[in-house]
Amino acid sequence: MAGDQEEQQNIRDITENRNIILVGMMATGKSTVGAMLAEELGYELVDLDAVITESEGRSIAEIFAAGGEEAFRKIESAVLKRMLQGERRIISTGGGAVLAPGNAEVMLEQGLVVALTATEEAIIARVSGDENRPLLAGNAAERVRAIMEQRREAYRFAHCTVDTTELNVAEVSQYILMHYRA
Ligand SMILES: Nc1ncnc2c1ncn2[C@@H]1O[C@H](COP(=O)(O)OP(=O)(O)OP(=O)(O)O)[C@@H](O)[C@H]1O
Ligand SMILES: O=C(O)C1=C[C@@H](O)[C@@H](O)[C@H](O)C1
Ligand SMILES: [Mg+2]
């Protein structure tokens, strides 16, 4: 292959096999959009919360109940780093996977990092009636507001950001694919 062509092929190989890593607040759609992207691209879907639950043999609520948030974050960081060692993966992280020091840097190295956002109102509506998020126990709307305030800067490190408030899941996926293929 001539030099130029070879370089072009290398660039294509790198970009085409790159992981896509979805970060963002709870209920911005990381799991749902991740599943659609994996289907579209024929990539492996890695839903971090699901991998943690499976490898621990316990629910997220049980992990929080036994060791608190700190114990959960340790497990989450270890699983995240393990899952990032691969390619052609769609990695839907949990909402707090960006919090532990160093995780953001590893994500940026290992793929295209896309932050999903939504307004407080949209998030509160999407989590209503869902009991599976220990950090939202009690008054879920209050907890969403407090956590969003705490994490105001936490998702800014991403390569790009998509506001999902007015988009459906298919529209969010298409938008990400456009960025990925660009
Ligand atoms: N763009 C969207 N428009 C409307 N509803 C959505 C959208 N994206 C996701 N939802 C709905 O919001 C709920 C939460 O979505 P999902 O579980 O994908 O969020 P998540 O970001 O993975 O949350 P978590 O951080 O807790 O894992 C689901 O009921 C899903 O169908
Ligand atoms: O935002 C968070 O901190 C969390 C989000 C979920 O995906 C789970 O990872 C867990 O409930 C914690
Ligand atoms: Mg999820």
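Counting restarts for each chain: residues are numbered from 1 in the order of the written sequence. Here every chain gets a letter starting at A, and every ligand a number starting at 1, in the order they are written. Reporting of local features is limited, given that this is a predicted model, to residues whose pLDDT is at least 70; pairs of side-chain atoms are given and counted only at 80 or more, and all residues count toward the totals for whole chains, interfaces and linings.

Identification of the protein chain as Shikimate kinase from Paenibacillus phytohabitans is taken from an unreviewed UniProt entry. The annotation that UniProt attaches to the protein chain under Function (unreviewed entry) is "Catalyzes the specific phosphorylation of the 3-hydroxyl group of shikimic acid using ATP as a cosubstrate." Recorded in UniProt for the protein chain, the comment headed Subcellular location (unreviewed entry) runs: "Cytoplasm". UniProt positions are given in the numbering used here, feature names are shortened, and annotations may be inferred rather than shown by experiment.

Asker: Explain the site of ligand 1 here, please?
Answerer: Taken together, the neighbourhood of ligand 1 is formed by 19 residues, with Gly 29, Lys 30, Ser 31, Thr 32 and Arg 126 sitting nearest. Numbered from the N terminus, helices here are DSSP runs of H or I no shorter than four residues, and strands are runs of E no shorter than two. Looking at the shell around ligand 1, the elements that each hand over two or more residues are helix H2 (30-41) and helix H8 (169-181). For the shell around ligand 1, the element with the most residues is H2, which contributes three residues. Throughout, the ten residues Ala, Val, Leu, Ile, Met, Phe, Trp, Tyr, Cys and Pro are labelled nonpolar, Asp, Glu, Lys and Arg are labelled charged, and all others, Gly among them, are labelled polar. Grouping the constituent residues of the shell around ligand 1 by class yields five nonpolar, ten polar and four charged. Nearness here has a simple definition: the residue's C-beta atom, placed using the backbone, must lie within 6 Å of the molecule or strand.

Asker: How do you make sense of the UniProt feature "binding site: substrate" (unreviewed entry) in the protein chain when you look at a structure like this?
Answerer: Taking the UniProt record as the reference, the feature "binding site: substrate" (unreviewed entry) is found at Asp 49, Arg 73, Gly 95 and Arg 151. In this scheme the burial state of a residue depends on its C-beta neighbours within 10 Å: 20 or more other such atoms mean buried, 12 or fewer mean exposed, and anything in between means partly exposed; the C-beta positions come from the backbone. Judged by C-beta crowding, with 20 C-beta atoms within 10 Å, Asp 49 ranks as buried. With respect to the helices, strands and loops of the structure, Arg 73 is situated in helix H4 (residues 60-83). Every residue in contact with Arg 73, bar those within four places of it in the chain, is listed here: Gly 96, Leu 99 and Ala 100. Once C-beta atoms are placed from the backbone, any two residues with those atoms within 7 Å are in contact.

Asker: Is there a simple way to think about the nonpolar core in this case?
Answerer: The nonpolar side chains of a soluble globular protein tend to be buried, and buried together. In this structure, Ile 20, Ile 21, Leu 22, Val 23, Leu 48, Val 114 and Leu 116 are the most contacted members of the largest nonpolar core, which totals 29 residues. When contributions to this core are tallied by element, the ones reaching two or more residues are strand E1 (19-24), H2, helix H3 (48-56), H4, strand E3 (89-92), strand E4 (111-117) and H8. Buried Ala, Val, Leu, Ile, Met, Phe, Trp, Tyr and Cys residues form a nonpolar core when they are connected through C-beta atoms within 7 Å.

Asker: Explain H8 to me, please; I cannot follow it from the model alone.
Answerer: Since the α-helix packs 3.6 residues into each turn, any two residues three or four apart lie on the same face. Take the number of residues in a helix, subtract one, and multiply by 1.5 Å to get its expected span. If you check H8, its first and last C-alpha atoms are 18 Å apart, about what 13 residues at 1.5 Å a residue would give, namely 18 Å. Those residues of H8 not exposed but buried are Val 172, Ser 173 and Ile 176. Along the axis of H8, the buried residues cluster in a sector spanning 95 degrees; they form a single face. Opposite the packed face of H8, turned more than 90 degrees from it, sit the exposed residues Ala 170, Met 178 and Arg 181. On its buried side, H8 packs onto E1, H2, E4 and strand E5 (160-163). Directions from the helix axis toward the C-beta atoms define the arc.

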